[in-house]
Number of protein chains: 2
Amino acid sequence: MPRPRQPRLTRQLIVETATALIDAEGMPAFSTRRLAAELGVRGPSLYNHFATKDEILDAVADTVTGAVDTSGFAGRDWVAALRDWAWSYRRALTAHPNIVPYLAQGPGRRPAALAMADAVYGGLVRAGWPPARATHIGAALRYFVAGSALGSFARGFVEDPELYAAHYPHLRQAHRLAEHQQSVDEGAFALGLDALLHGLAAEYARTVDPVESGRPSG
Amino acid sequence: MPRPRQPRLTRQLIVETATALIDAEGMPAFSTRRLAAELGVRGPSLYNHFATKDEILDAVADTVTGAVDTSGFAGRDWVAALRDWAWSYRRALTAHPNIVPYLAQGPGRRPAALAMADAVYGGLVRAGWPPARATHIGAALRYFVAGSALGSFARGFVEDPELYAAHYPHLRQAHRLAEHQQSVDEGAFALGLDALLHGLAAEYARTVDPVESGRPSG
DNA sequence: ACCCTTAAACTAGCGGTGTAAGTTTTGCCG
DNA sequence: CGGCAAAACTTACACCGCTAGTTTAAGGGT
């Protein structure tokens, strides 16, 4: 089968199908041949549109990251901006949990990740944080979000009570974690995020703006 | 070459060599044949000691997690215990950054991870935290540590200034991140951890022990 | 209208992967 | 000392990422 009348593949179609495949069957099932089959095509044909498998994965990762909303940093309230961003970030990652491990490594070359870092850093500096602090805060939040999306705490547990009761005295109810997976993970994220922001606000009041802090901003 | 006088492989030797190989050359270079070659052996021989490749990786992951110190939870100061644990956890993971993505997924079956979760959960409950809260706190800290070890923020950036100056106005100095990689990551971790613990202490004072908080514990 | 370049699919194939199956020799136990 | 289990081996299968070369169609230039 030679060149068809109408191209059967486009970069966008490949990325969408790759995303769906990874979502549905996980990273190990994602091979170039499998993806090609899903597209009704023969494997090496993908290499007319992408140079390597990793290039496809980078495109998927960039699309996922592109869904994160950083518009809050345009406003004046940096705490609210961080909170909205973190939740949006988490939502984007948990929508495609299987690519998170890939996505979390080496974001420094992907445009969407850079745009996100730029927006966060700029917003924090504008709010008065010293540049070095702004970098640390952005990184710390990224750690927290990526970690929460990567290793769903609850998902790791198994529904077999016997496994835990014997050796881990305090985890007698750990098998219940598997049931309430989503609520445990979201609860842990909410608690941790609030604590983080609380601590950062205290640091801000102490070091950046001792005068204005505590008053209604204006 | 049949069965030798003295076995050339043991589970421990395999795990140690696997760890060294992953540390030195990364996860993609870790194949059963490559590992076997490193051990002076022929590939399938490994299957006399482990059923699958993943079983080897699980053993490596468990060893890494086993190095985490949770002894602080035996004491009375839960904040100090969390801090010590988090740093020890981070040290254990950053000592072997290449297996972190694997390690962070599905810890619910590995003994060392379960023992760690048990110690943390038990310590927090003993300190007065409600069980649900204790679960959330342990998970939140785990998110933060795993995220920090997984996606070294700075490592993602590249030493090419041109790449950032053009499109990301606030990242003009991002290429410097590559130089100060370790200090950026540690600084971000220290800042985030302190903020998290500060926020948790405030929550504790508000909901768990409004009377004792603020006084010297006794 | 024709040619020529380029695009986009194909087939064939290389070296590598995890792992199953069966073989051989050794050490140990009854 | 016979027999069994252990621990190495060889062979082989199906799959993997990717390269090379082939075939045909689309589209632009003269």
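Residues numbered from 1 in each chain as written. Chains lettered and ligands numbered in written order. Predicted model: local features only at pLDDT ≥ 70, side-chain atom pairs only at ≥ 80, totals over all residues. Heavy atoms only, no water.

1. Thoughts on the interface of chain A and chain B
The interface of chain A with chain B comprises 54 residues on the first partner and 54 residues on the second. Both sides together, the interface formed by chain A and chain B hides about 4,700 Å², and carbon and sulfur atoms give 73% of it. Counting across the chain A and chain B interface gives 0 salt bridges. Elements with a contribution of two residues or more to the side of chain A that touches chain B: helix H6 (111–126), helix H7 (131–150) and helix H10 (181–207) of chain A. Ranked by residue count, the leading element in the side of chain A that touches chain B is H10(A), at 15 residues. (Contact = heavy atoms within 4.5 Å. Buried area = accessible area lost by both parts, 1.4 Å probe. Salt bridge = Lys/Arg side-chain N within 4 Å of Asp/Glu carboxyl O. Helix = DSSP H or I, 4+ residues; strand = E, 2+ residues; numbered from the N terminus.)

2. Looking at the environment of Arg172(A)
Here Arg172(A) lies in the loop between helix H8 (161–165) and helix H9 (175–179). Between the C-alpha atoms of Arg172(A) and Pro161(A), which are 11 residues apart in sequence, the distance is 7.1 Å.

3. Focus on the relation of the copies chain A and chain B
Copy one and copy two of the chain differ by a rotation about a common axis and a shift along it. Once turned by 180° and shifted 0.0 Å along the axis, chain A lies on chain B with an RMSD of 0.1 Å. Such a combination of rotation and displacement between the chain copies is what one expects of a two-fold axis. Of the interface residues in chain A, 100% have counterparts in chain B that sit at the interface too, so the contact is made through matching surfaces. (Least-squares fit on C-alpha atoms with pLDDT ≥ 70 in both.)

4. Thoughts on the domain arrangement of chain A
All names here are of chain A. According to the domain assignment, chain A contains domain 1 (11–50) and domain 2 (70–207). For domain 1 versus domain 2, the distance between C-alpha centres works out to 29 Å. Taken together, the contact between domain 1 and domain 2 spans 5 residues of the former and 5 residues of the latter. Between domain 1 and domain 2 lies a buried interface of about 400 Å² when both sides are counted; carbon and sulfur atoms form 61% of it. For the domain 1 face of the interface with domain 2, the top three residues by lost area are Ile22, Asp23 and Met27, together amounting to 84%. Summed over the shared surface of domain 1 and domain 2, the result is 0 salt bridges. (Domains from an automatic or database assignment.)

5. Topic: the packing of aromatic side chains
Residues and elements named next belong to chain A. On inspection of all chains with the given rule, the structure shows 16 aromatic pairs over all chains. Consider the rings of Trp78 and Trp129, whose centres lie 5.3 Å apart with planes at 85°: the pair is edge-to-face. A residue pair is termed long-range when its members are at least 10 positions apart, and Trp78 in helix H4 (residues 78–94) and Trp129 in the loop between H6 and H7 qualify at 51 residues. The class for Trp78 is buried, based on a relative accessible area of 9%. (Phe/Tyr/Trp six-rings, centres within 6.5 Å; stacked < 30°, edge-to-face > 60°. Buried < 20%, exposed > 50% of the residue type's maximum accessible area, 1.4 Å probe, protein only.)

6. Remarks on H4(A)
Since the α-helix packs 3.6 residues into each turn, any two residues three or four apart lie on the same face. Residue and element names in this part refer to chain A. The end-to-end C-alpha separation of H4 is 24 Å, in line with the 24 Å expected for 17 residues at 1.5 Å each. Along H4, the positions that sit buried rather than exposed are Trp78, Val79, Ala81, Leu82, Trp85, Ala86, Ser88, Tyr89, Arg90, Ala92 and Leu93. Residues of H4 that are buried make contact with helix H3 (53–66), helix H5 (100–103), H6, H7 and H10. Structurally, the start of H4 carries an N-cap: the backbone nitrogen of Val79 is 3.1 Å from a side-chain oxygen of Asp77. (Expected span 1.5 Å × (residues − 1). Polar contact = N/O pair within 3.5 Å; in protein donor to acceptor, adjacent residues only side chain to side chain.)

7. Re the pattern of salt bridges
All names here are of chain A. The tally for this structure, following the rule as stated, stands at 12 salt bridges over all chains. Asp194 is paired through a salt bridge with Arg83; the nearest N and O atoms lie 3.2 Å apart. Taken as a pair, Asp194 in helix H10 and Arg83 in helix H4 lie far apart in primary sequence, 111 residues in all. Using a relative accessible area of 30% as the deciding quantity, one classes Arg83 as partly exposed.

8. Description of the confidence of the model for chain A
Residues and elements named next belong to chain A. Across chain A, pLDDT averages 89, with 91% of residues at or above 70. Here H9 is the element of chain A with the lowest mean pLDDT, 70, and H4 is the one with the highest, 98. Across residues 214–218, where pLDDT falls below 50, the model places 0 contacts with residues more than four positions away in sequence or in other chains. (pLDDT = per-residue confidence, 0-100.)

9. Considering the side chain of Thr17(B)
Residue and element names in this part refer to chain B. Structurally, Thr17 can be placed in helix H1 (residues 11–25). At 2.8 Å, the side chain of Thr17 forms a polar contact with the backbone oxygen of Leu13. For Thr17, the contacting residues outside a window of four places in its chain are Leu35, Glu38 and Leu39.

10. Description of the packing of helix H3 (residues 53–66) of chain B against helix H6 (residues 111–126) of chain B
In a packed pair of helices, the relevant descriptors are the angle between the two axes and the axis-to-axis distance. Residues and elements named next belong to chain B. It is at 7 Å that the axes of H3 and H6 come closest, and there the two elements cross at 30°. One finds that H3 runs roughly parallel with respect to H6. From H3, Asp62, Thr65 and Gly66 reach across to H6, where they touch Pro111, Ala112, Ala113 and Met116. (Axes fitted to C-alpha atoms, helices over the stretch in contact; angles between N-to-C directions. Parallel < 35°, antiparallel > 145°, perpendicular 65-115°, else oblique.)

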